[in-house]
Amino acid sequence: MIEIIHNNRCSKSRQTLSILKDFKIEVSIIEYLKSPLTDKTLNFIFDNYKEDINNLIRKNEKVFKEQYKNQILSRENITKIFKKSPILIQRPIVIFYEKNEVLIGRPPGKITHYLKSL
């Protein structure tokens, strides 16, 4: 199963979703601003994202700058932040459950490159 953490108002998220569809991949869309991410999903993301988990945070958002900018953020802190302010979740995040892979689709070409390597 493949999921995309998606915000339809975001051009990068729309482009990434389009890439997945172009590759004929069935994808489950999670509109995280409407439906909060579950603990299970967050744990999978944190466990399988191979880069610094701080990259999963949208640091240019006003709420981040006002409330969290100078804090050292642990996984537990980030989980609480995402539950309180889901706007701070980077997007799009593509979850490849069967491959235990999590990628941020920024730039969207990153997803194209990954899919071509499969």
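Quick note: structure is the one above.
Criteria and cut-off values
Residues numbered from 1 in each chain as written. Predicted model: local features only at pLDDT ≥ 70, side-chain atom pairs only at ≥ 80, totals over all residues. Heavy atoms only, no water. Helix = DSSP H or I, 4+ residues; strand = E, 2+ residues; numbered from the N terminus. Rg over C-alpha atoms; globule rule 2.2 N^0.38 Å. Buried < 20%, exposed > 50% of the residue type's maximum accessible area, 1.4 Å probe, protein only. Contact = heavy atoms within 4.5 Å. Areas by Shrake-Rupley, 256 points an atom, 1.4 Å probe, with all protein chains shown as cover. Lys, Arg positive; Asp, Glu negative; His and termini not counted. Charge placed at Lys NZ, Arg CZ, Asp CG, Glu CD. Polar contact = N/O pair within 3.5 Å; in protein donor to acceptor, adjacent residues only side chain to side chain. Core = buried A, V, L, I, M, F, W, Y, C linked by side-chain atoms within 4.5 Å.

S.K.: Account for the overall build of the protein chain, naming residues and giving values.
M.R.: Check the secondary structure of the protein chain and you find five helices and four strands. Relative to its length of 118 residues, the protein chain is compact, with a C-alpha radius of gyration of 14 Å against a globular reference of 13 Å. C-alpha atoms of the protein chain, sized along the principal axes, occupy 40 × 25 × 25 Å. Across the 118 residues that make up the protein chain, the buried fraction comes to 46%. In the protein chain, the share of contacts with a sequence separation of at least 24, taken over all contacts with a separation of at least 6, comes to 65%. Carbon together with sulfur atoms contributes 48% to the accessible area of the protein chain, which is approximately 7,000 Å² in total. For the protein chain, the distance from the average position of its 22 positive side-chain charges to the average position of its 13 negative side-chain charges is 7 Å.

S.K.: Give a detailed account of the side chain of N48, specifying residues and quantitative values.
M.R.: Structurally, N48 can be placed in helix α2 (residues 39-48). The class for N48 is buried, based on a relative accessible area of 14%. From its side chain, N48 meets the backbone oxygen of F44 in a polar contact 2.9 Å long. Non-local contacts of N48, meaning those with residues more than four positions away in its chain, are made with N100, E101 and V102.

S.K.: Describe the nonpolar core, with residues and values.
M.R.: By size, the foremost hydrophobic cluster in this structure holds 25 residues, and its most contacted members are I5, L37, I45, L56, F82 and I93. The set of elements that each furnish at least two residues to this core consists of α2, α3 (62-67), α4 (75-84), β3 (93-96) and β4 (101-104). Counting residues per element, this core draws most heavily on α2, at four residues. In contact with I5, other than residues within four places in its own chain, are S13, I30, Y32, L37, T41, I45, I89, R91, P92, I93 and I95. With twelve residues, the next largest nonpolar core counts L17, I19, I25 and L115 among its residues.

S.K.: Provide a residue-level description of the environment of F44, including the pertinent values.
M.R.: Relative to the elements of secondary structure, F44 occurs in helix α2. A C-alpha to C-alpha distance of 8.5 Å links F44 and I95, two positions 51 residues apart in sequence.

S.K.: Talk me through the side chain of S13; I want residue IDs and the actual numbers.
M.R.: Here S13 shows up in helix α1 (residues 11-22). There is a polar contact of 2.6 Å between the side chain of S13 and the side chain of H6. Excluding its chain neighbours within four sequence positions, the residues that come into contact with S13 are I4, I5, H6, N7 and P92.

S.K.: How would you sum up unusual backbone geometry? Please name residues and give values.
M.R.: Residue P92 is bonded to the preceding R91 through a cis peptide linkage, with omega at -10°. Relative to the helices and strands, P92 is located in the loop between α4 and β3. The phi dihedral of K24 is positive, around 60°, even though this residue is not glycine. As for its position among the elements, K24 is in the loop between α1 and β2 (28-31).

Note that every value here comes from positions in space, so none of it alone points to a role or purpose.
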